[in-house]
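Here's the letter readout for the chains.
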Amino acid sequence: DAGVTQSPTHLIKTRGQQVTLRCSPKSGHDTVSWYQQALGQGPQFIFQYYEEEERQRGNFPDRFSGHQFPNYSSELNVNALLLGDSALYLCASSLGGGSEAFFGQGTRLTVV
Amino acid sequence: AQSVSQHNHHVILSEAASLELGCNYSYGGTVNLFWYVQYPGQHLQLLLKYFSGDPLVKGIKGFEAEFIKSKFSFNLRKPSVQWSDTAEYFCAVIPIEYGNKLVFGAGTILRVKS
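Read on for an overview of the structure. (Residues numbered from 1 in each chain as written. Chains lettered and ligands numbered in written order. Predicted model: local features only at pLDDT ≥ 70, side-chain atom pairs only at ≥ 80, totals over all residues. Heavy atoms only, no water.)

### Considerations on the overall build of chain A
And then number 1: Of the regular secondary structure elements, chain A holds 0 helices and 11 strands.
And then number 2: Along its sequence from the N terminus, chain A presents helices and strands in the succession β-β-β-β-β-β-β-β-β-β-β.
And then number 3: By the compact-globule yardstick of 13 Å for 112 residues, chain A fits well, its C-alpha radius of gyration being 13 Å.
And then number 4: Projected onto its principal axes, the C-alpha coordinates of chain A cover approximately 40 × 25 × 25 Å.
And then number 5: The 112 residues of chain A split such that 50% are buried.
And then number 6: Of all intrachain contacts in chain A linking residues separated by at least 6 positions in sequence, the fraction that spans at least 24 positions is 52%. (Helix = DSSP H or I, 4+ residues; strand = E, 2+ residues; numbered from the N terminus. Rg over C-alpha atoms; globule rule 2.2 N^0.38 Å. Buried < 20%, exposed > 50% of the residue type's maximum accessible area, 1.4 Å probe, protein only. Contact = heavy atoms within 4.5 Å.)

As structure tokens, this is what we get:
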């Protein structure tokens, strides 16, 4: 049973560019959440998707947007990249909200 | 501000020593509580969780945690650590009244000397 998979694993982008990160949830899960983890900090909640709708959003600007597809996979898009967007981006899936979340390996984004 | 606090950022122990990692949260309502572990080069994995019931929760690999509601705490313990417990440990909370998001502490890096 495949767990949560994320792609790509590493990415280098230039300031001002746009990036798309992808996530496939654990089999049977219907909810996908995205987190940003800066160096030396705990993961920070970006948003959560359920039934193809953004159900909850953290304190991130509108440059961060997402999408969930009918097969429950999800994308995270970041526009107008800033140096401060450099971080590990984690995807987590769960069955419904409030329950145990399973995390992927993350995508390491470096903005230069 | 509403938050999750982990008391120590770095802990160094010798093998067979006992471990206690502190975690406090600032939400007054109903919470779901978690401890996650991240071994070097691996993804975040769930160690244990508390939703309701017995406040003493047992997880994988001999870890346990105790929920003390009056102290807003969920401390992680292990009686005897092993070298393989070297990892970063994160306390996380879902404050139910604020939705389904996980709020994480800053993490504690544990190094176990063999």
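Further notes follow.
### Overview of the pairing of strand E6 (residues 45-50) of chain B
One face of the sheet, then the other: side chains in a regular strand alternate in exactly this way.
Residue and element names in this part refer to chain B.
And then number 1: Judged by how many residues are buried, E6 sits mostly within the fold: 5 of 6 residues are covered.
And then number 2: In terms of strand pairing, strand E5 (residues 31-38) meets E6 through 5 bridges, oriented antiparallel. Bridge pairing in E6 places Tyr36 opposite Leu46.
And then number 3: Connecting E5 to the next strand, E6, in antiparallel fashion are 6 residues, including Gly41 with a positive phi near 75°. (Pairing = 2+ DSSP bridges.)

### Observations concerning unusual backbone geometry
And then number 1: At the junction of A:Ser7 and A:Pro8, the peptide bond is cis and its omega measures out at -10° in the coordinates.
And then number 2: With respect to the secondary-structure elements, A:Pro8 resides in the loop between strand E1 (5-7) and strand E2 (10-13).
And then number 3: We note that B:Phe72 has phi near 50°; this positive angle belongs to a residue other than glycine.
And then number 4: For B:Phe72, the position within the fold is in the loop between strand E8 (64-68) and strand E9 (73-78).

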